[in-house]
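Structural overview for review
These are the residues of each chain, in order.
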Amino acid sequence: MNIVTFTKRVPVTQEEELRITGDGAAVDLSKLPFKVNDWDNYAVEEAVRIVEKVGGSVTAVAMGDAESDEVLRRAIAMGAKDGFLVRIARAIQDPFARAALISNFIKNENVPFDVIFTGVQSEDDQFGSVGGILAALLKLPYSSMVIGIDKVESDHMVIRRELEGGLQERVRISLPCILSIQSGINEPRYVSIMGIRKASKVERKVFQGNAYEAGVGAMIDTVKWVYPPRKKGAMMLSGELDEVCKNLVGILKEKGVYQ
Amino acid sequence: MLEQTVSRVLTCIQCGKCTGSCPESGKTPFNIRMLVRKQQFQSAIDEAIPWYCTSCGACTLRCPRDVKPSEVIIDIRSLLVEDGQIPLAVQKALENTFTQKNPWGRSRAKRAAWTENLDFEIRHVSETAEKRLLFVCCIQAYDPRCMVIPANVARILNQGGVEFGILGEEEACCGNEIRRIGEAGLVEELQEENKGNLQEYGVKEIIALSPHCMNALKKEYGDMGIKVSHYTEVVWDLINSGALAISKPFEKKVIYHDPCFLGKQNGIFDAPRNILGAIPGVTPLEFSRARETSLCCEGGGGRMFFEVETIYQRNAEVRVLEAIAKGADLIATACPFCVMTLEDPATEKGQVVRELSEILMEVL
Amino acid sequence: MSYALVVAEVRRGVFEERNLDSFGLSSLLGKEIVLVVPDGPYSFNERLADTIVKVKAGEEVFLNPLNLVDIIEQVMNGRGKPDCIVFTHSSSGMESAPYVAGTFGLPVVTDVSAINKDEGVFYKSYYSDKIFGEFKCTGQGPWVLTVRSGSFKDAAAEKADAAKVEYIEGVAASDKRVFLEYVEEEKTEIDITKAEFLLSVGRGVGNKDEIPTYEELAGMLKATLSGSRPVIDKMWLPKPRQVGTSGKTVKPKVYLAMGISGAFQHIAGMKDSDCIIAINKDAGAPIFQYAHFGVIADMHKVRDKLKDMLKS
């Protein structure tokens, strides 16, 4: 089983106050640390686990700048055999353009695969679209929100998709196919710094993204970046902790859930 | 296993002094002598076991053959780390430290947030004349309970006329706990980053706020030619020399808890006691296990990020109960981890825990 | 004809409420609405659409991206291309919309939560709602959109005339991606959707060993303990306790969120609660925008204080 799995380097924004610059032209990410996209981490782990069980190899592919090599080293440390970096000069916002470029890359370079994994979405743009578009472009069956892989056969897989309300859907999907992996499908292993350093000795192939731009045009345009609309917001309880907690209990009593 | 450790482990005579002094052996499945034995025979070790160790260092101090059992634990953990099979909470702490340079994953940009409420400005160490660095420590930079400690010490040093600066968001985790978790690669990265800054800014002296940071900076960063001390040593000097005058009495019975990394591992027993002794009105009390034999609070060795099952009585609770039995009004200590671990059962039992700087703020 | 093609989401015989948002967005855009839906006895307000195309296929055949492209092709046959194809931003919409866009070569914007009709701009979340991007479609339409649940439902408007009903008689069902069965998660005694008072903990809880202390607090408050995705992912709480789009949607009288920053997926699962109280140490946490009451504090400190208070 040859699995190609996509991995992306994303900024860590959970605790940060993001700043828009140039009157909406850009979001300042210069001071942020970066890490591997959470969903991709689950996807790489799942790919490695499958290969550990049934044999084959995992190829990690990242599209991005030179720094994205970091997530490839990480994937190799987790168990991927190869790492491919498709270098692009600047981030492509349109998921269609991204998928089209990847599709060209896979076709032109004859990247062999039985399955392609992507994360369901990336933490930064949350588009969740590259996997589905890519599947359509490569004319492959597709499934997203994959929360379990129950069976791996040479010509098909049985997977579980996560639906809403705690419901799941079991699906039989023919190979080759593309699956977008949901977080929580497994517990990704820890990757030590030593492991990453060892992985650095495995050569990562670099491809120039502009070689795959034929027919790739953005169909959507980012007009500008804006801050979210301010909702009315909460009534903030402030003061000493003691007072705050008294107020809290007061509210609970008022709402009739605590006597 | 490293060659050195192998030869050290082979010299073990299984005397059991390590187990006798270990804060975990006996009450939990952890048995340090047994682990060394297993290492001698290279037999399999249950993955859950090594995580009980709090890195208090008692075993290594007591070992008559210099086997350094606490280092053996680090070796065992290293293998688990390389394997990727470690408790999730520990994994999270390591990943956070890699990205944000602190185990809690708080924003690095907010590392100096504790300075915001001070009524004087703290300069970057590069802008100071004496290049004296206050090394803040992750937990004291972010945890709301502990953030008061650097603010207090800054005020005290300021009052004592000591010039100092900080690294602000450039400060990275010292790596003390990370080394004990067994993530040597990450420790190297953290050390390189901190050393680079210390060098670039020409730092001549470091005042560490946490005994854990002090330990790492003093003993594990190689010879940097920089004097490293704990803030209690500096403050005691200030009081002793008269540069810092205590103006108010503190009519309390205070029992002092020795942090492992300050006391038994670095021999600083007297400075904190001297400070307390200099405060009029203080009645100093001592735990039955004090100084070299102080009972570990179980906050070290990665245990701040990973807690074992709650079925075992916590040492912090043992400490609090003894403090109450001895009639102490409050437990004083000089380590943020000790504050955090002790305060948990203390609050439950109506006992007060204070970091030394908090007491000082009331009497200066 | 200028129309919006709304792809309905029907799960286990229920016409999902979030379809209303698809109607709402289409109405805001001023489009005639053609709804495509699997044929079945679902009850919904048929007046919201101008035309209803009923597909003689089960929901499990319908909600399959490989089959939907055939269905959409059939809808467009004779009718011409729509201006937009609208999906719910849900497990099915997130799966099908990009695949449809890829197949027909159409621009796609997902998770649309607001629009500026005059400028033809769609707003979409970035960085967990910390920033929004304004997008314009530059390529040939129709635009493929997925719509954030709760964003447009109030704009759904009834039409003057009853909807015209058409049928699609058959679908070329793919054998490459086949629905096998629904899988229910294991039933436990606790059903968080029935609770009147939920105490919900999030990433801020920090550590598995803190969970029992919150169970204790919940016990003292007579609340039911639930959690957000990170807590469930780490297996600190069982899956049936998860609040959010991939867990349960809850509407308790009081939702007390401790250490939950408020990822959209979580907000979607609890925003309709009567009273939301949020406790978080990050003043910028998005949850404060949805909460009725907020406390900026360390959740553990509040826990301890509340426990002390409730004991005495």
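Residues numbered from 1 in each chain as written. Chains lettered and ligands numbered in written order. Predicted model: local features only at pLDDT ≥ 70, side-chain atom pairs only at ≥ 80, totals over all residues.

**Re the overall build of chain C**
This is how it is decided: Numbering of helices and strands runs from the N terminus, with a helix taken as a DSSP run of H or I at least four residues long and a strand as a DSSP run of E at least two residues long. For the radius of gyration, the atoms used are the C-alpha atoms, and the globule rule reads 2.2 Å times the number of residues raised to 0.38. Remark: C-beta atoms are placed from the backbone, and a residue is labelled buried if 20 or more other C-beta atoms sit within 10 Å of its own, exposed if 12 or fewer do, or partly exposed between those counts. Throughout, a pair of residues is in contact if the C-beta atoms placed from their backbones lie within 7 Å.
A count of helical and extended segments in chain C gives eight helices and 17 strands. Over its C-alpha trace chain C gives a radius of gyration of 22 Å, about what one expects of a compact globule, namely 20 Å for 312 residues. The C-alpha extent of chain C, read off along each of the three principal axes, is 75 × 45 × 35 Å. The burial tally for chain C puts 55% of its 312 residues in the buried class. Long-range pairs, those at least 24 residues apart, make up 64% of the contacts in chain C with a sequence separation of at least 6.

**Focus: the overall build of chain B**
Scanning chain B for helices and strands turns up 16 helices and seven strands. For 364 residues, the compact-globule formula gives about 21 Å, and the C-alpha radius of gyration of chain B, at 20 Å, lands near that figure. Considering only C-alpha atoms, chain B reaches an extent of 60 × 50 × 35 Å along its principal axes. When burial is assessed residue by residue, chain B has 54% of its 364 residues classed as buried. Within chain B, contacts between residues separated by at least 24 positions form 75% of all contacts whose residues are at least 6 apart in sequence.

**Looking at the domain arrangement of chain B**
Residue and element names in this part refer to chain B. Quick note on the threshold: What marks off one domain from the next here is an automatic or database domain assignment. Ten residues, namely Ala, Val, Leu, Ile, Met, Phe, Trp, Tyr, Cys and Pro, are considered nonpolar, four, namely Asp, Glu, Lys and Arg, are considered charged, and the remaining ones, Gly among them, are considered polar.
Entries for chain B in the domain assignment read domain 1 (3-83), domain 2 (89-237) and domain 3 (246-363). Computed over C-alpha atoms only, the centres of domain 2 and domain 3 are separated by 22 Å. Each partner contributes residues to the interface: domain 2 has 28 residues there, and domain 3 has 28 residues. Breaking the side of domain 2 that touches domain 3 down by element, the ones donating at least two residues are helix 6 (88-100), helix 7 (138-142), helix 8 (148-159), helix 9 (176-181), helix 11 (211-219) and helix 12 (231-240). It is helix 8 that provides the largest number of residues to the side of domain 2 that touches domain 3, a total of six residues. The residue makeup of the side of domain 2 that touches domain 3, split by class, is 16 nonpolar, seven polar and five charged.

**So, the sheet that holds strand 1 (residues 132-135) of chain B**
By way of backbone hydrogen bonds, the strands of a sheet pair with one another, either parallel or antiparallel. All names here are of chain B. Inclusion rule: One bridge is not enough; two strands pair if DSSP finds at least two bridges between them. Every axis in this analysis is a line fitted to C-alpha atoms, fitted for helices over the stretch in contact. Angles between the N-to-C directions lie between 0 and 180 degrees.
The three strands lie next to each other as 1-2-3, forming an open sheet whose pairing is parallel. Sheet topology places strand 1 and strand 3 (227-230) at the edges, where each strand pairs with a single neighbour. Taken pair by pair, the neighbouring strands of this sheet meet at an average axis angle of 20 degrees, ignoring direction.

**Some points on the sheet that holds strand 7 (residues 352-355) of chain B**
All names here are of chain B. The strand order 5-4-6-7 describes an open sheet built from four strands, whose pairing is parallel. With partners counted over all chains shown, the strands left at the sheet margins are strand 5 (283-286) and strand 7, one partner each. Averaged over all pairs of adjacent strands, the angle between strand axes in this sheet comes to 35 degrees, irrespective of strand direction. Where strand 4 (residues 253-256) and strand 5 come together, four bridges link them in parallel fashion. Within strand 5, the residue paired with Val254 across the bridge is Pro284.

**With respect to helix 6 of chain B**
Residues and elements named next belong to chain B. So the rule is basically this: An expected span of 1.5 Å times one less than the residue number is assigned to each helix.
When the terminal C-alpha atoms of helix 6 are compared, their 18 Å separation across 13 residues agrees well with the 18 Å that a helix rising 1.5 Å per residue should span. In terms of burial, helix 6 is largely enclosed, as 10 of its 13 residues are buried. By the burial criterion, the buried members of helix 6 are Ala89, Val90, Gln91, Lys92, Ala93, Leu94, Asn96, Thr97, Phe98 and Gln100. On the buried face of helix 6, the contacting elements are helix 9 and helix 10 (184-200).

**Side note on the domain arrangement of chain C**
All names here are of chain C. Here the domain parsing of chain C yields domain 1 (3-168) and domain 2 (192-311). Each of domain 1 and domain 2 has a C-alpha centre, and these two points are 33 Å apart. At the junction of the two partners, domain 1 supplies five residues and domain 2 supplies five residues. Taken together, the residues of the side of domain 1 that touches domain 2 break down into no nonpolar, four polar and one charged.

**So, the interface of chain B and chain A**
As a measure of interface size, the accessible area lost when the parts come together is often cited. Each side of the interface is counted separately: chain B has 19 residues, and chain A has 15 residues. The set of elements that each furnish at least two residues to the side of chain B that touches chain A consists of helix 5 (69-83), helix 6 and helix 10 of chain B. For the side of chain B that touches chain A, the element with the most residues is helix 6 of chain B, which contributes five residues. The residue makeup of the side of chain B that touches chain A, split by class, is seven nonpolar, seven polar and five charged.

**A word on the confidence of the model for chain C**
Rule in force here: What pLDDT reports is the predictor's confidence in each residue, on a scale of 0 through 100.
Looking at chain C, pLDDT values average 91 and 97% of them are 70 or higher. Here the prediction assigns the complex a pTM of 0.86, and the interface score ipTM is 0.91.

**Considering the packing of helix 4 (residues 130-137) of chain A against helix 4 (residues 91-104) of chain C**
Test applied: Orientation is classified from the angle alone, with under 35 degrees giving roughly parallel, over 145 giving roughly antiparallel, 65 to 115 giving roughly perpendicular, and any other angle giving oblique. The hand of a helix crossing depends on one turn: near helix anticlockwise from the far one by less than a right angle means left-handed, and clockwise means right-handed.
Packing of helix 4 of chain A against helix 4 of chain C brings their axes to within 7 Å, and their N-to-C directions diverge by 40 degrees. As summarised for this structure, helix 4 of chain A and helix 4 of chain C are arranged oblique, according to the angle between their axes. At the point where helix 4 of chain A passes helix 4 of chain C, the crossing takes the right-handed sense. Between helix 4 of chain A, through Gly132, Ile133, Ala135, Ala136 and Leu137 of chain A, and helix 4 of chain C, the contact on the second element is made entirely by Glu95, Pro98, Tyr99, Ala101, Gly102 and Thr103 of chain C. Of the residues assigned to the contact of helix 4 of chain A with helix 4 of chain C, the class counts are seven nonpolar, three polar and one charged.

**Description of unusual backbone geometry**
The peptide bond linking Leu175 of chain A to Pro176 of chain A adopts the cis configuration, its omega dihedral lying at -5 degrees. When you line up the elements, Pro176 of chain A lands in the loop between strand 11 (167-174) and strand 12 (177-181). With a phi close to 50 degrees, Gln42 of chain B is a non-glycine residue in the positive phi region. You can see Gln42 of chain B is positioned in the loop between helix 3 (32-41) and helix 4 (58-62). Given 10 C-beta atoms within 10 Å, Gln42 of chain B falls into the exposed group. One non-glycine residue, Cys137 of chain B, adopts positive backbone phi at about 85 degrees.

**Thoughts on the interface of chain C and chain A**
On the side of chain A, 72 residues touch chain C, which itself brings 78 residues to the contact. In this sheet, strand 12 (residues 177-184) of chain C lies alongside strand 11 of chain A in antiparallel orientation, the contact comprising seven bridges. When the sheet's bridge partners are listed, Gln168 of chain A is paired in strand 12 of chain C with Val183 of chain C.

**Quick notes on the environment of Tyr255 of chain C**
All names here are of chain C. Here Tyr255 is to be found in strand 15 (residues 254-258). Separated by 22 residues in sequence, Tyr255 and Ile277 place their C-alpha atoms 6.1 Å apart. Beyond its immediate chain neighbours, meaning those up to four positions away, Tyr255 contacts Leu198, Ser200, Val250, Met270, Ser273 and Ile276.

**As for helix 5 of chain B**
Because each turn of an α-helix spans 3.6 residues, side chains separated by three or four positions end up pointing in the same direction. All names here are of chain B. Between its first and last C-alpha, helix 5 extends 22 Å over 15 residues, near the 21 Å set by a 1.5 Å rise per residue. Burial within helix 5 is extensive, with 12 of its 15 residues counted as buried. The complete set of buried residues in helix 5 reads Pro69, Ser70, Val72, Ile73, Ile74, Asp75, Ile76, Arg77, Ser78, Leu80, Val81 and Glu82. Downstream of helix 5 by a residue or two, Gly84 has a phi angle that is positive, lying close to 80 degrees.

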